[in-house]
Each structure stands twice: as structure tokens, then as C-alpha cells.
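Here's the letter readout for the chains.
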Amino acid sequence: MVTGATTWLAPLLPAVPLAAGLAGLLLPPAPRDGATGEDRARRAAIALGVAAASVALLTAVLLLTRTDHLVEASTTWVDLGGLRVTLGYRLDGVAVLVATAVTAVALAVQVYSIAYLRRGPHDDVEVDHRYPAYAAQISLFTAAMLVVVVSGDLIMLLVGWEVMGLCSYLLIAHDRRLPEAPAAAMKAFLVTRVGDVGFLLGIALLGVSAGSFRITDVLAHDHSTATLTAACLLLLAGVAGKSAQFPLHTWLPDAMAGPTPISALIHAATMVAAGVYVVARLFPLFERAPVALAVLGVMASTTLLLGAFAATAQDDIKRVLAWSTVSQIGYMTGALAVGSPTAALFHLLTHAAFKALLFLAAGAVIHAVGTTLMSRMGGLRTGMPVTFWCTVVGLGALAGVPPLSGFWSKDGVLAVAEAAALDGAGPAPGWVGWLVWLAGLLGVAVTAWYATRLLLRTFFGDTRIPLAHPHDPPALMRWPVLLLAVLAALLGLAAFWGPFTDRIFAPSTEVELTDFGVSLVHFAPTLLLPLALLLVGAGVAWAGWRRDPAADPARFLGPLRPVFARAFRLDDVQHALVVRPTTALARAVRTGDELGVDGLVEGTGHTAVRVGGGLAALHRAALPRAAAAVLAGALLIGLAAALIGGMA
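Everything numeric here is computed off the predicted structure, so don't read it as measured data.

**Q** I'd like a description of the overall build of the protein, backed by residues and values.
**A** Of the regular secondary structure elements, the protein holds 25 helices and two strands. The dimensions of the protein, computed from C-alpha atoms along their principal axes, are 120 × 65 × 55 Å. The buried share among the 648 residues of the protein stands at 54%. In the protein, the proportion of contacts linking residues at least 24 apart, taken out of those at least 6 apart, comes to 79%. Summing over all exposed atoms, the protein offers an accessible surface of approximately 26400 Å²; the carbon and sulfur share of this is 71%.

Dropping the structure here:
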């Protein structure tokens, strides 16, 4: 059933930031207003960005209060010989919860960016004159993610999916004065495009099989086992790219070259969340393809541990958080692999809160000390108390410290993985449950270790920075951080609130999914195991720091430290096995084209020119030579005629 309010609220959700983004792109740089010191285009961009994000958040909240079951509407857009592409929306409790998280983080980023980009990162320029384009691209990024969230058609979902890729490219490369920023943007664009080729083919396979790209039709259709398995595996290629899962994870750490607020947006609310959300949205298909779930389980477990171990040896605070995101997305995809999209989505929502908090708090630190390297930080606790306590909340939620939000959602993931391993629950093979569960438990200890290291290296000990008086950020940066800290602390308690659980379990009422229970909270004796591992990880990091507060606890990693710092050198492997052969092949093809195809065409032209030149030279001969040539020709013709006649 579609209510009148939902009919116009659902399209309005992505339309408002889309309109603001398009309008913002039309804003030209304007001369500074001498009265305020800010240019008019910047003020207009701020107004458009903040207003659009606020209206989108209000719309999402209104939909949240009105939507507790599946509602959808669509109209045929294109009919290709019986293959329908529709325009419409498909909303359920999960969709509106994710939309609320996306718009809340987008609003926080828009407000935070006003102060964060007030000064150029490398000079004394008071205003970033590319801010209008920056704010507009954030709005477009938000609109694209919301299209993915509310879309009722796979083609519409694909449009939002690809626009996100374009926006990430533009925003990562925002500061063009940093040589690594354009390179990181190009890497992110190309690596995710590799996965998107498979994603596109998977969508095409499902649409052709069902005769429609409408999600409801695709889910209801009885696909053959081979078609379903192939389509789900192809979709996982796109998920691996967008959500930075092994082996297409290498773009995400390099993307830290972009502005810190954009890192928060990408990691918490848009790109990396999109892949998890799409699998959850199409989970009835994956449930009938156990081979795809097995592949997803291997991918999730590998990524979870890869990201966690890589985070242990990073010196750049943003790279620690980036690898942390890779690992936490592994928990979400692991929950999907063992058959619990609800646990995955719950962790997605809490992760959006605490990871946005951590990136914006890290931005406050960078804003104060002028560096991203923890080796040049230290002793910031007294000078930046607000940032310190907010970071404590964020890192506690990341590590799973009770009763913070990450504790409840991560415990939910571990509980369903344990059920899949010990009881054989879920649609995936039993060994997938064991793999995800054991990887998740090890990840708890490692996460606690690097979270404790980050806190100690940044805020405790003696100061290692030349700046004498670091301070908490200005109000426009401080308030988003404070509000996100409240969410990161309390959002997990929503698991005990009926209206929240009704909405996050809503998809389970529409299709038959594996029953792991009707509660997001799982109290059992095994709950003590991750808590013990958390204490072990944090305690080991603290003990290493106490021995020598000036030294890095990562020194105890020994010869593994450079291996972890380079993320097992998988980027180098990718470069050796993919980039270099592709470059060599491109050079060979170019050489063949220039010497073969172009050479043949150009050689024909050169030959014709030479022959024509020779004939022209003969025609330009002097009269005696021309007469002699004519006489010789006549004699030859006569001789030939005589010979032919004699033979006859």
C-alpha cells in the first residue's frame, strides 16, 4: 500500500540533493565581498549544500515514521521488446534507516567542511575558491547514494552506483596541488570500474532472465540455478570494488589523499556501504546461490583480517582508519555470507556513526597540528579535551567496548557466524560459518590493539609536534563531532527498541530468509569470548606503550611490521600481475597499430604518390625525349603485331 505522503516524499529524497548539486555546479567563482572577506559563490554553495542535506534528512525522518513495511510504485520508462526498465521506488524499513544514516552523515560533512576548508592546506589562502564545486559534488554524491537506496529498478540503481564513482573521483582529487590526489582519484575510479563491469553483466543477466529490471520482478522470478549463480558472482565483483573488498580493496587507503570530510562520507555513508546494502537488498537471490555465498565468505574473512593487520603498522592516522573500514566491511559481508542480512545492516548503521565520528575527529586533529602522521603527534589530550573524548567514544565503538554501539552490532555478527558454524544454520556451507566466526574473533583482538595504539600515540605521552598550543576545533567542526559521538555511543541501544527492530527486520517479512531469531541482541556465554579477546588486544598495546611511551607499540611486530605496513604488498602484486602486463600489452598494440595498420595505409599512400610522381615526370619530359618515347612505343606495338600475325 502506498500512502499519499510516501508518493511524493520518496522521489523527493534524492531529488533535493540532486537539484542542489546541479545548481551548485553552475555557481561561478565570484570576487570577494570586501565587507565579509568571503566570496558570494562560497556563501551560496554553503547555503545550497546545508539546506539540501537538511531537507533530505527531514524527508528521511518523515519516511522513517511512516514506513514500517514494503511500499513501492513504478512506471514503465523503456520497453525493449518485452524487457522493461521502470522508474520508481521501493521502500521498506531497512531502506529508510539507511537513507536516514546517509543524510545525517551528509549534513554533518557539509557543516564540518565549512570550517575545515576555510584555509588552504598548504598556504595562507583564506578561502578555498573551488568550494562551490566541492559542496555541489557532495550533494550529487548524496543524491547518487540515495538513488541506490530507494530505487525500485536495477537500471536506476546502476545509474546511482556509477554516479557515485564519478563523484568519488572528483572529490578525492579536490586538492589538485597535492600530486598524490589526482593519482589516487584515478586509481579509485579505475579499480572500481573493473568491478563494475561484472556488476553490469550481473544486472543484465538477471534482467534478461526475469524479463524486467524491476527489483520486485527480479526477486520473484524463478531463475535457473546456473543463471542465479553466475549473476550473483558477477554482482559480487561490483561489491568487491565499491566496498573495497579483497582483491579490489587497494584503492581505498590511497583515497585518503582527498579531504578528510570526504573520507568520512565515503567510508561511513556512501561508496563502501553501497555494496553491502545492495547484497542485502537482493539477498533472496544470494540465499538461493550457496556457491556465491561461499565465495562471499572467503572474500569477507580475507578482507577482515587483511584490513585489521594492515591497520596495525600505519603511521598515517587516516590510513589506520581507512584499513579499519576495510576490515569492518568484512564483518558486514561475513554476516551476509552466513545468511544474516539483518546483522550486516545493523553493523552498517552503527559503523556509519562511529566511523564518521572517527574521521571527523581525526580531521580536527589534523586541522590543529598540521600533519596526518601519528609519529609527530602525542600529548594532545590536555589541549584538545573535546576531540579526545569523542575519539575515545569512536575507538571504543570500533573495538566493541560495551555498551557502545559497535559492541552490540559486532556481537550480532559474531553470534550469527557462531550459529552457522556450530549449528549449521544459514544457507551457506558449514565451513563458511567457521571461517567467518574465527576470522571475526581474531579481528576483535587485532582491532582492539590498533585502536588502543592510535589513542595512545595521538593523545598520550609527550608532545612530538612543533605546535605549542593545539586546541579543539571551531564550533562548525566541533558540533558535528559531538552529535556523532552521541550516536556512536547510543545507537546500539536501538536494538532494544521495538520500532527500530520492526524496521530493520522488515525485509524478512516479505521473503523467506534464514531465521537466526527475531532479536538483534544475542546473550550467551560465548559473548565473553570476544570481550576477553578485546581486553587481550588492548592490554598488549597498552603494555607495549608503557615500556616506552616515546616508542611505537608497532615495534613489537618485528619483521612483520613492513609487511603489514604495505598490506602484504598486494598492491605491488596487483601492479606486477595486472598493471605492468596491461601496460605492456597496450604498448604492443599501439606499436602494431602504428607499424601494421597505420603503416599499411600510409605505405599505400606513399607508393601512390611515388608512382604518380614518376608518371608526372615522364609527362613533363622535353619534346625530343617525348617524341623518341612515342616512336619507341609505336615500334614495339608494330613488332608485337607482326609477331602475333606470323604465329597465326
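**Q** For helix H3 (residues 93-116), give the residues involved together with the corresponding values.
**A** Since the α-helix packs 3.6 residues into each turn, any two residues three or four apart lie on the same face. In a regular helix each residue adds 1.5 Å, so 24 residues correspond to 34 Å; H3 covers 34 Å between its end C-alpha atoms and thus fits that length. Along H3, 23 of the 24 residues are buried, which leaves the element largely enclosed by surrounding structure. Residue Asp92 occupies the N-cap position of H3, its side-chain oxygen lying 3.2 Å from the main-chain nitrogen of Val94.

**Q** An account of empty space enclosed by the protein is needed here, citing residue identities and associated values.
**A** Applying the stated criterion to the full structure yields nine cavities of 30 Å³ or more. In this structure, the second largest cavity encloses a volume near 90 Å³. Elements with a contribution of two residues or more to the lining of the second largest cavity: helix H17 (405-422) and helix H22 (528-547). Its residues placed into classes, the lining of the second largest cavity shows eight nonpolar, two polar and two charged.

**Q** An account of the packing of aromatic side chains is needed here, citing residue identities and associated values.
**A** Enumeration over the complete set of coordinates arrives at 14 aromatic pairs. When the centroid spacing of 5.6 Å and the interplanar angle of 75 degrees are considered together, the rings of Phe388 and Phe460 count as edge-to-face. Placement of Phe388 in helix H16 (residues 385-399) and of Phe460 in the loop between helix H18 (430-459) and helix H19 (475-490) is noted, with a sequence separation of 72 residues between them. With 5.7 Å between their ring centres and 55 degrees between their planes, Trp434 and Trp437 make a pair best called tilted. Note that Trp434 and Trp437 are positioned in helix H18 at a spacing of three residues, about one turn of the helix. Three or more aromatic residues joined by ring pairs make a cluster, and in this case those are Phe388, Trp389, Phe459, Phe460 and Trp545. The ring of Tyr131 is capped by Arg42, whose NZ or CZ atom sits 4.4 Å from the centre of that ring. Looking at Lys410, its charged tip hangs above the ring of Tyr331, at a distance of 5.1 Å from the centre.

**Q** I'd like a description of the packing of H16 against H18, backed by residues and values.
**A** The packing of two helices is summarised by the inter-axis angle and the distance between the axes. Direction vectors running N to C along H16 and H18 enclose 170 degrees, while the axes themselves pass 9 Å from each other. One finds that H16 runs roughly antiparallel with respect to H18. Counted together, Thr387, Phe388, Thr391, Val392, Leu395, Leu398 and Ala399 of H16 and Thr447, Ala448, Tyr450, Ala451, Leu454, Leu455 and Phe459 of H18 form the full contact between these two elements. Per-class residue counts for the contact of H16 with H18 are 11 nonpolar, three polar and no charged.

**Q** Explain unusual backbone geometry residue by residue, including any values.
**A** Residue Pro247 is reached from Phe246 by a cis peptide bond, and omega for that bond is 5 degrees. Structurally, the position occupied by Pro247 is in the loop between helix H8 (225-242) and helix H9 (251-254). Between Pro402 and Pro403 the backbone carries a cis peptide bond, its omega angle lying at 5 degrees. Tracing the sequence through the fold places Pro403 in the loop between H16 and H17. Not every positive phi belongs to a glycine, and Ala244 is a case in point at roughly 55 degrees. On the secondary structure map, Ala244 appears in the loop between H8 and H9. The backbone phi angle of Phe568 is positive, close to 60 degrees, even though this residue is not glycine. Looking at Phe568, the relative accessible area reads 35%, which means it is partly exposed.

**Q** Pulling in residues and values, what's your account of the nonpolar core?
**A** The biggest cluster of nonpolar side chains holds 197 residues, and the ones touching the most others in it are Leu91, Trp251, Leu282, Phe286 and Ile504. At 18 residues, the largest contribution of residues to this core is made by helix H15 (residues 341-369). When neighbours within four sequence positions are excluded, Trp251 is seen to be in contact with Lys187, Ala188, Val191, Thr192, Gly241, Lys242, Ala244, Ile266 and Met271.

**Q** Pulling in residues and values, what's your account of H19?
**A** Helix length check: H19 (16 residues) gives 22 Å between terminal C-alpha atoms against 22 Å at 1.5 Å per residue, within 8%. Among the residues of H19, Met477, Pro480, Val481, Leu484, Ala485, Ala488 and Ala489 are the ones counted as buried. Taken end-on, H19 shows its buried residues confined to a sector of 165 degrees, consistent with a single buried face. Across H19 from its buried face, at more than 90 degrees, point the exposed residues Trp479 and Leu483. The inward-facing, buried residues of H19 abut H3, H15, H16 and H17.

**Q** Any chance you could break down the pairing of strand E2 (residues 83-91) for me, citing the residues and the numbers?
**A** Within E2, seven of the nine residues are buried, leaving the element largely enclosed by the surrounding structure. Of the strand pairs in this sheet, strand E1 (residues 71-80) and E2 are connected by nine bridges, and their pairing is antiparallel. Paired with Leu80 across the strands is Leu83, a residue of E2. Hairpin connection, E1 to E2: the antiparallel pair is bridged by two residues, and Gly81 has positive phi, about 60 degrees.

**Q** Pulling in residues and values, what's your account of the packing of helix H11 (residues 271-281) against helix H14 (residues 317-337)?
**A** One can describe the packing of H11 onto H14 by two numbers: an axis separation of 10 Å at closest approach and a directional angle of 0 degrees. When the interaxial angle is binned, H11 and H14 end up roughly parallel. Across the interface between the two elements, Val272, Val276, Val279 and Ala280 of H11 pack against Thr325, Ile329, Met332, Thr333 and Leu336 of H14. Residue classes in the contact of H11 with H14 are distributed as seven nonpolar, two polar and no charged.

**Q** Explain the side chain of Thr100 residue by residue, including any values.
**A** With respect to the helices, strands and loops of the structure, Thr100 is situated in helix H3. Owing to a relative accessible area of 15%, Thr100 belongs among the buried residues under this scheme. Not counting residues within four places of it along the chain, the set of residues in contact with Thr100 comprises Leu57, Ala60, Val61 and Leu64.

**Q** Account for the pattern of salt bridges, naming residues and giving values.
**A** What the rule picks out here adds up to 15 salt bridges. Residue Asp572 is joined to Arg569 by a salt bridge in which the shortest nitrogen-to-oxygen separation is 3.0 Å. The partly exposed category is assigned to Asp572, whose relative accessible area is 27%. Of the residues examined, Arg569 reaches a relative accessible area of 43% and is grouped as partly exposed.

**Q** I'd like a rundown of a nonpolar patch on the surface, residues and numbers included.
**A** Taken together, the side chains of Val486, Leu490, Leu493, Phe496 and Phe523 define a hydrophobic patch exposed on the protein surface, amounting to about 510 Å² of accessible area. As for its position among the elements, Leu493 is in the loop between H19 and helix H20 (498-504).

Cut-offs applied
Residues numbered from 1 in each chain as written. Predicted model: local features only at pLDDT ≥ 70, side-chain atom pairs only at ≥ 80, totals over all residues. Heavy atoms only, no water. Helix = DSSP H or I, 4+ residues; strand = E, 2+ residues; numbered from the N terminus. Buried < 20%, exposed > 50% of the residue type's maximum accessible area, 1.4 Å probe, protein only. Contact = heavy atoms within 4.5 Å. Areas by Shrake-Rupley, 256 points an atom, 1.4 Å probe, with all protein chains shown as cover. Expected span 1.5 Å × (residues − 1). Polar contact = N/O pair within 3.5 Å; in protein donor to acceptor, adjacent residues only side chain to side chain. 1 Å grid on protein atoms, 1.4 Å probe; cavity = no way out; pocket = protein on both sides within 12 Å on 5 of 7 lines; lining within 4 Å. Points joined across faces, edges and corners; volume = space filled by probe spheres on them. Nonpolar A, V, L, I, M, F, W, Y, C, P; charged D, E, K, R; others polar. Phe/Tyr/Trp six-rings, centres within 6.5 Å; stacked < 30°, edge-to-face > 60°. Lys NZ or Arg CZ within 6 Å of the ring centre and 35° of its normal. Axes fitted to C-alpha atoms, helices over the stretch in contact; angles between N-to-C directions. Parallel < 35°, antiparallel > 145°, perpendicular 65-115°, else oblique. Core = buried A, V, L, I, M, F, W, Y, C linked by side-chain atoms within 4.5 Å. Arc of directions from axis to C-beta. Pairing = 2+ DSSP bridges. Salt bridge = Lys/Arg side-chain N within 4 Å of Asp/Glu carboxyl O. Patch = residues over 30% accessible without salt bridge, like charges linked within 9 Å, V, L, I, M, F, W, Y side chains within 5 Å.

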